Amino acid sequence: MKPPAPAHACAIVLVLLPLLAVLQTTCAQKNAIDIYSLTVDSRVSSRFAHTVITSRVVNRADSMQEATFQMELPKKAFITNFSMIIDGVMYPGNIKQKDAAQKQYSAAVARGESAGLVKATGRKMEQFQVSVSVAPSAKVTFELVYEELLKRRLGVYELLLKVQPRQLVKHLQMDIHIFEPQGISFLETESTFMTNELADALTISQNQTKAHIRFKPTLSQQQKSAEQQDTVVDGNLIIRYDVNRTLSGGSIQIENGYFVHYFAPEGLSMIPKNVIFVIDTSGSMMGKKIRQTREALIKILEDLRPEDHFNLISFSREATQWKPSLVPASTQNVEEAKKYANSIKAQGGTNINDAMLMAVQLLDTATREEQLPSGSVSLFLLLTDGDPTVGETNPTKIQKNVQEAIGGQYSLFCLGFGFDVSYAFLEKLALDNGGLARRIYEDSDSALQLQDFYQEVANPLLTAVTFEYPSNAVEEVTQDNFRLFFKGSEMVVAGKLRAQSPEVLSAIVSGQLPMENITFQMESQVAKQEEEFQKPKYIFHGFMERLWAYLTIHQLLERMVSASDADKQALETQALGLSLNYSFVTPLTSMVVTKPEGQEQSQVAEKPMENEKVPSGKSLIPSKAGIGDRTSDLSPTKLLAKASPAQPAARRGHCLPEHVGALVTCRTVFRHGAMGHAGPILPAGVSLYARVHDLPSKTVGTPGLNAPVLYRYTSRKLDPDLRIPSRKGFLANPLLASSSSGGPTILDDYLDETMEETSPTAPPPAPIQAPTVILPLPGQSTDQLCVDIKRTPGPLLLLLSDPDQGLEVTGEYKMEKAQFSWIEVTFKNPQLQVHVSPEHVVVTRGRRSSEYKWKETLFVVMPGLTMTMDKAGLLLLSSPDKVTIGLLSWDGLGEGLRLLLRDTDRFSSHVDGILGRFYQGVLWGPPDTTDDSKRTLRARGFDFDATRELKLDYQEGTPGTEISCWSVAL
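Residues numbered from 1 in each chain as written. Predicted model: local features only at pLDDT ≥ 70, side-chain atom pairs only at ≥ 80, totals over all residues. Heavy atoms only, no water.

## Side note on the overall build of the protein chain
So, point 1. Looking only at helices and strands, the protein chain features 14 helices and 54 strands.
So, point 2. Out of the 970 residues belonging to the protein chain, those deemed buried represent 54%.
So, point 3. When contacts within the protein chain are restricted to residue pairs at least 6 apart in sequence, long-range pairs at least 24 apart make up 65% of them.
So, point 4. For the protein chain, the exposed area adds up to about 42500 Å²; of that, 50% sits on carbon and sulfur atoms. (Helix = DSSP H or I, 4+ residues; strand = E, 2+ residues; numbered from the N terminus. Buried < 20%, exposed > 50% of the residue type's maximum accessible area, 1.4 Å probe, protein only. Contact = heavy atoms within 4.5 Å. Areas by Shrake-Rupley, 256 points an atom, 1.4 Å probe, with all protein chains shown as cover.)

## Brief notes about helix H10 (residues 543–562)
So, point 1. Taking 1.5 Å of rise per residue, 20 residues should cover 28 Å, and H10 covers 30 Å from first to last C-alpha, within 8% of that figure.
So, point 2. Of all the 20 residues making up H10, 15 are buried; the element is thus mostly covered by neighbouring parts of the structure. (Expected span 1.5 Å × (residues − 1).)

## Some thoughts on helix H5 (residues 352–368)
So, point 1. Here H5 spans 24 Å end to end across 17 residues, near enough to the 24 Å set by a 1.5 Å rise per residue.
So, point 2. Within the span of H5, buried status applies to Ile352, Asn353, Ala355, Met356, Ala359, Val360, Leu362, Leu363 and Ala366.
So, point 3. One or two steps after H5, the chain reaches Glu370, where phi turns positive at roughly 55°.

## Section: the packing of aromatic side chains
So, point 1. Counted under the stated rule, the structure contains 28 aromatic pairs.
So, point 2. For the ring pair Phe78 and Tyr550, a centre distance of 5.1 Å and an interplane angle of 55° mean the geometry is tilted. Taken as a pair, Phe78 in strand E6 (residues 78–86) and Tyr550 in helix H10 lie far apart in primary sequence, 472 residues in all. Of the two residues, Phe78 and Tyr550, neither departs from the other in class, the shared state being buried.
So, point 3. By the ring-pair criterion, three or more aromatic residues cluster together here, those being Phe48, Phe78, Tyr258, Trp548, Tyr550, Tyr582 and Phe584.
So, point 4. Over the ring of Tyr262 we find Arg47, and its NZ or CZ is 3.7 Å from the ring centre.
So, point 5. When the ring centre of Trp322 is taken as origin, the NZ or CZ atom of Lys323, which lies over that ring, is 5.1 Å away. (Phe/Tyr/Trp six-rings, centres within 6.5 Å; stacked < 30°, edge-to-face > 60°. Lys NZ or Arg CZ within 6 Å of the ring centre and 35° of its normal.)

## Section: the nonpolar core
So, point 1. In terms of nonpolar packing, the biggest core is built from 59 residues, with Phe82, Phe128, Ile178, Phe215 and Met591 touching the most fellow members.
So, point 2. Here this core gets five residues from one element, more than from any other, and that element is strand E3 (residues 33–45).
So, point 3. The next biggest cluster of nonpolar side chains, apart from the first, holds 49 residues, and it includes Val836, Val883, Phe944 and Val968. (Core = buried A, V, L, I, M, F, W, Y, C linked by side-chain atoms within 4.5 Å.)

## Comments concerning the packing of helix H7 (residues 423–431) against H10
So, point 1. Axis separation between H7 and H10 bottoms out at 8 Å; the angle between their running directions is 95°. By the criterion of interaxial angle, the relationship of H7 to H10 is roughly perpendicular. Residues Glu427, Lys428 and Leu431 of H7 form the contact with H10, whose own contacting residues are Glu558, Val561 and Ser562.
So, point 2. By residue class, the composition of the contact of H7 with H10 is two nonpolar, one polar and three charged. (Axes fitted to C-alpha atoms, helices over the stretch in contact; angles between N-to-C directions. Parallel < 35°, antiparallel > 145°, perpendicular 65-115°, else oblique. Nonpolar A, V, L, I, M, F, W, Y, C, P; charged D, E, K, R; others polar.)

## A short note on the pairing of strand E23 (residues 377–384)
So, point 1. Among the eight residues of E23, eight are classified as buried, and the element is accordingly described as predominantly covered.
So, point 2. Burial of E23 is two-sided: the residues Val377, Leu379, Leu381 and Leu383 facing one way and the residues Ser378, Phe380, Leu382 and Thr384 facing the other way are all buried.
So, point 3. Following the chain from E23 across helix H6 (residues 395–406) to the adjacent parallel strand E24 (residues 411–417), one finds a crossover that is right-handed. (Right-handed = clockwise from strand over helix to strand, strands pointing away.)

## A closer look at the pattern of salt bridges
So, point 1. Following the criterion strictly, the structure yields 34 salt bridges and no others.
So, point 2. Here Asp34 and Arg60 are joined by a salt bridge, their closest N and O atoms 2.9 Å apart. Residue Asp34 is located in strand E3, and its partner Arg60 is located in the loop between strand E4 (48–59) and strand E5 (65–74); the two are separated by 26 residues in the primary sequence.
So, point 3. In this structure, the salt-bridge partner of Asp242 is Arg245, at a minimum N-O distance of 2.9 Å.
So, point 4. For Arg245, a relative accessible area of 16% corresponds to the buried category. (Salt bridge = Lys/Arg side-chain N within 4 Å of Asp/Glu carboxyl O.)

## Brief notes about the sheet that holds strand E44 (residues 841–845)
So, point 1. What the six strands build is an open sheet, ordered E40-E41-E42-E43-E44-E45; its pairing is antiparallel. Strands at the two margins of the open sheet, each flanked by one partner only, are strand E40 (796–802) and strand E45 (848–852). Averaged over neighbouring strand pairs, the angle between their axes works out to 15° when direction is ignored.
So, point 2. Sheet topology places strand E42 (residues 819–827) next to strand E43 (residues 832–836); five bridges connect them, and they run antiparallel. Bridge pairing in E43 places Ile823 opposite Val836.
So, point 3. The strands that helix H8 (residues 446–457) touches are E44 and E45; relative to E45, the one it contacts most, it runs at about 170°. (Pairing = 2+ DSSP bridges.)

## Some remarks on the environment of Thr947
So, point 1. Within the secondary structure layout, Thr947 lies in strand E53 (residues 942–953).
So, point 2. Leaving out residues up to four positions away in the same chain, Thr947 has contacts with Ser933, Lys934, Cys965, Trp966 and Ser967.

## Re unusual backbone geometry
So, point 1. The peptide bond linking Asn829 to Pro830 adopts the cis configuration, its omega dihedral lying at 0°.
So, point 2. Relative to the helices and strands, Pro830 is located in the loop between E42 and E43.
So, point 3. Its identity is not glycine, yet Leu154 carries a phi of approximately 50°, on the positive side.
So, point 4. Residue position: Leu154 is located in the loop between strand E10 (139–149) and strand E11 (157–163).

## Description of the pairing of E3
So, point 1. Within E3, ten of the 13 residues are buried, leaving the element largely enclosed by the surrounding structure.
So, point 2. Here E3 folds back onto E4 in antiparallel fashion, the turn holding two residues, of which Ser46 has a positive phi close to 50°.
So, point 3. Here E3 pairs with strand E12 (residues 171–179) via nine bridges, running parallel. Each residue of the ladder has a partner; that of Ser45, found in E12, is Phe179.

## Some points on the packing of H5 against H6
So, point 1. For the pair H5 and H6, the least separation of the axes is 10 Å and the interaxial angle reads 0°. Taken together, the axes of H5 and H6 lie roughly parallel to each other. Mapping the contact onto sequence places Ile352, Asn353, Met356, Leu357, Val360 and Asp364 in H5 and Ile398, Asn401, Val402, Ala405 and Ile406 in H6.
So, point 2. Grouping the amino acids of the contact of H5 with H6 by side-chain chemistry returns eight nonpolar, two polar and one charged.

## Structural notes on the side chain of Thr810
So, point 1. Position of Thr810 among the secondary structure elements: in strand E41 (residues 807–814).
So, point 2. Judged by its relative accessible area of 16%, Thr810 is buried.
So, point 3. Each residue touching Thr810, except ones within four places of it in the same chain, is listed here: Leu797, Leu798, Leu799, Trp822, Ile823 and Glu824.

## As for the sheet that holds strand E30 (residues 504–512)
So, point 1. The four strands lie next to each other as E28-E26-E30-E31, forming an open sheet whose pairing is antiparallel. In this open sheet, the two edge strands, each paired with only one partner strand, are strand E28 (481–486) and strand E31 (517–525). On average, each strand axis in the sheet is inclined to that of its neighbour by 30°, with strand direction left out of account.
So, point 2. Judged from the nine bridges that link them, E30 and E31 form a sheet pairing that is antiparallel. If you follow Gly511 over to E31, its bridge partner there is Ile518.
So, point 3. Contacts from helix H9 (residues 526–534) reach E30 and E31, with the element oriented near 65° to E31.

## A few points about the state of the cysteines
So, point 1. Applying the stated rule across the entire model yields one disulfide.
So, point 2. Each disulfide pairs two cysteine sulfurs, and for Cys786 the partner residue is Cys965, the sulfurs being separated by 2.1 Å. Taking the torsion about the S-S bond as the criterion, the Cys786 to Cys965 disulfide, at about -120°, is left-handed. Highlighted residues: Cys786 in strand E39 (residues 784–788) and Cys965 in strand E54 (residues 961–969), separated in sequence by 179 residues. Of the two residues, Cys786 and Cys965, neither departs from the other in class, the shared state being buried. (Disulfide = S-S within 2.5 Å.)

## Focus: the side chain of Arg47
So, point 1. With respect to the element layout, Arg47 can be found in the loop between E3 and E4.
So, point 2. Here Gln182 takes part through its side chain, which lies 2.7 Å from a polar atom of the side chain of Arg47.
So, point 3. Setting aside residues no more than four positions away along its own chain, Arg47 makes contact with Glu148, Leu149, Leu150, Tyr157, Glu180, Gln182, Tyr241, Val243, Arg245, Gln253, Tyr262 and Glu490. (Polar contact = N/O pair within 3.5 Å; in protein donor to acceptor, adjacent residues only side chain to side chain.)

## Side note on the confidence of the model for the protein chain
So, point 1. Across the protein chain, pLDDT averages 78, with 77% of residues at or above 70.
So, point 2. Within the model, pLDDT remains below 50 along residues 1–29, and this stretch shows 108 contacts once partners closer than five positions in the same chain are excluded.
So, point 3. Note on residues 614–758: pLDDT under 50 across the span, and 239 contacts to partners over four residues away in sequence or across chains. (pLDDT = per-residue confidence, 0-100.)

## With respect to the environment of Arg294
So, point 1. Relative to the helices and strands, Arg294 resides in helix H3 (residues 288–302).
So, point 2. Along the chain, Arg294 and Lys345 lie 51 residues apart, while their C-alpha atoms are 9.3 Å from each other.
So, point 3. Not counting chain neighbours up to four residues away, the residues in contact with Arg294 comprise Ala341, Asn342, Ser343 and Ile344.

Okay, structure coming up:
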């Protein structure tokens with residue numbers, strides 16, 4: 001049993017994410033457990049990443065303290081080692097068969113202890129956690145090692161890291177080494193904690209085959225300010241890269257008797273595809289899910305090529321097809337399909353079986369009647385958020401029905417929306433039919449997740465791909481035949497060389513194009529390759545054997561999903577043997593973490609599975625960074641049921657939209673409870689921040705609140721449990737409905753008692769407005785042009801275009817709202833598109849899209865461009881030789897999207913657009929003879945009246961600063 005902590009002990013949580021440790025203190029004795037050194041050494045050798053995290057801590061308190069080592073690692077990674085060194089004694093983790101640790105694991109669970117040390121925490125991460133008691137002045141060293149093969153997706157490899165020390169660390173250093181014999185063609189770093197002040201701590205060096213990323217901030221760089229001892233290092237670090245490729249059989253690399261063959265040829269043409277979208281429109285998809293599905297479908301349909309064929313099937317209780325057969329993706333058909341997609345509504349049950357059989361029949365008919373292009377690829381894309389509830393509801397029978405109907409002719413890709421869906425059911429359904437499954441996480445970017453998954457499978461390049469090697473040269477080869485190869489992906493085959501293998505390893509890769517077969521031949525010099533991987537000190541040696549074992553285990557686990565019972569046992573035995581032999585924590589093994597004698601019994605680390613369901617009524621909600629998730633009950637109805645007059649839900653900070661008026665804000669309701677008051681539960685028709693009856697000059701002062709809260713009432717039936725604030729607390733059960741005689745109500749009496757009359761005063765002066773755009777004047781360093789848009793030829797505007805800079809800025813302007821509904825910045829080099837709206841920022845690079853929220857720190861360094869955003873929400877796109885474009889979601893006076901420019905002297909002579917014309921030979925007229933604050937300027941043959949005015953400069957965020965500028969209306 002765990003010994004009781006001292007009365008003044010401080011609870012410590014040390015969170016080590018792929019890069020850093022997080023120390024959270026929960027008492028006044030801050031930093032009793034001090035991280036004095038934290039290092040990360042990550043070595044990526046030919047896509048295989050070996051990461052060692054070492055954290056050294058000391059207990060500076062005069063009593064025993066508990067430190068909890070907590071880190072997040074990628075879901076596809078395998079932990080290979082964990083150890084603790086306490087006062088010079090090592091306590092290692094031992095990896096063994098899961099059954100051998102099950103008794104210990106079950107006993108810990110029975111005691112109510114957190115025995116499962118690894119659990120899923122988000123889209124791509126898992127959490128590992130170990131606790132240990134630390135004596136006064138004692139030092140502890142934690143070391144964790146994990147390995148993973150980086151998978152190429154949409155043209156890049158991605159290493160996702162999270163950085164959250166939450167305390168200043170004297171020695172903080174991260175080193176990431178990348179070695180790619182093919183040559184590094186592209187390298188990008190993205191961070192949600194980096195700022196311009198911290199940028200010097202990040203160094204990136206790169207040559208043809210290797211890159212080194214180092215993050216080493218000093219104590220002063222980590223510190224928020226001279227007054228604050230908190231750290232600014234808090235967020236994500238993502239490293240993306242790709243390698244050089246040609247139209248060839250790929251790259252064969254050899255090290256220590258093992259080889260790996262990477263295949264992703266460039267220059268192949270896309271194969272026409274025939275795709276049927278099978279979309280769940282049952283009642284559980286109602287609301288945000290169906291809106292995001294419609295949004296994603298419309299974008300996906302726009303990406304279809306004219307040579308593609310497609311159809312749509314929506315299903316709830318029954319399945320409905322959009323067209324009686326597949327149709328070409330002509331402009332007219334795509335527009336019709338977009339209208340259909342935009343009209344789908346959510347209601348009814350979930351009949352997956354009938355929908356899938358209808359889809360297969362459509363493809364069968366089209367194939368039999370030769371309606372489809374010769375050599376084209378046919379596939380299904382199934383999106384559902386729940387288990388089958390109508391028609392055939394037995395998952396096993398549905399899987400059998402679909403597999404028999406498809407008969408190996410087509411590929412099925414399954415998307416599981418949210419956590420109510422049975423992911424195991426969808427995974428087997430997809431793997432049985434040559435596809436794969438993916439979970440779509442419920443978040444603001446769900447539509448982008450759908451689009452990105454589609455992009456992964458939207459561009460087939462080859463079918464029936466096979467790899468052949470001389471039988472006298474290799475053995476124990478991983479999967480060597482694949483149904484489809486998609487653009488932006490990569491096929492990886494690894495194997496072991498025979499003891500007497502030839503000096504040259506040859507390979508033949510064959511596949512099918514629409515009208516012909518294609519063959520690639522490769523040769524690799526064994527001795528030369530061996531030598532190449534022996535020299536560099538910055539790589540993890542012996543990695544290729546571990547890469548082969550890692551890949552083999554993953555493929556065996558995948559095959560087990562759709563294997564028969566007899567085959568499944570053989571596959572499991574093989575995967576278990578490799579897991580134990582190479583010390584991998586896999587779903588078949590466990591790691592027992594030992595501790596000093598007398599402390600809590602040893603803990604067990606087990607790898608969670610993606611198909612494990614979240615408990616009923618729960619849903620994973622991504623945190624700010626979108627990686628660490630928390631579990632929360634999302635149902636307002638359930639929250640309301642739990643509330644009572646003595647403990648209203650509002651006190652717990654929940655917003656109850658079903659129970660309060662449309663104008664209620666969660667923040668205000670929460671503040672009632674935060675001040676120690678139960679807080680009002682308002683009925684429909686009663687709103688916060690609304691006019692009070694017909695008395696707009698009166699306010700209700702709410703006890704304990706700084707800001708006034710206003711109420712209104714209507715003649716609708718009101719809640720008898722309504723509680724409203726008064727000087728003496730809350731009035732319960734008021735009779736608030738308007739009287740039939742029109743006389744006063746209790747609320748009127750209450751308002752008369754608590755409100756003070758205010759005498760009429762002169763109207764305040766008009767507030768200073770923020771212009772839509774602030775333009776530095778050409779040739780001047782201090783003066784600026786403030787531009788407001790008063791009329792436009794249409795909603796879509798070309799704001800800036802400079803072909804020499806490879807830059808274009810467009811926007812949609814809503815005259816009725818006097819603001820942009822979106823602004824889009826497009827660069828040609830690098831290929832990048834930034835689409836901003838008041839809700840979010842979407843960045844598209846190639847075919848990959850990422851969503852960011854306003855006012856979150858962002859720092860992206862890519863070849864030829866830097867993208868940053870600060871806490872004020874100012875997004876800057878800059879380059880040493882380009883104009884800097886600034887974008888801001890302004891929530892001050894005249895709220896809306898704002899655009900600003902810097903370094904405008906870099907515009908070329910070909911700049912154009914309704915704003916670009918002010919950088920082309922602008923001529924100023926003399927001041928007006930009667931008013932020197934007025935002038936005329938001419939730009940591209942048009943005359944504009946300019947007036948010297950005070951405006952708000954929003955470039956540093958709200959509330960803005962007053963500036964004097966020349967104001968122009970377009």
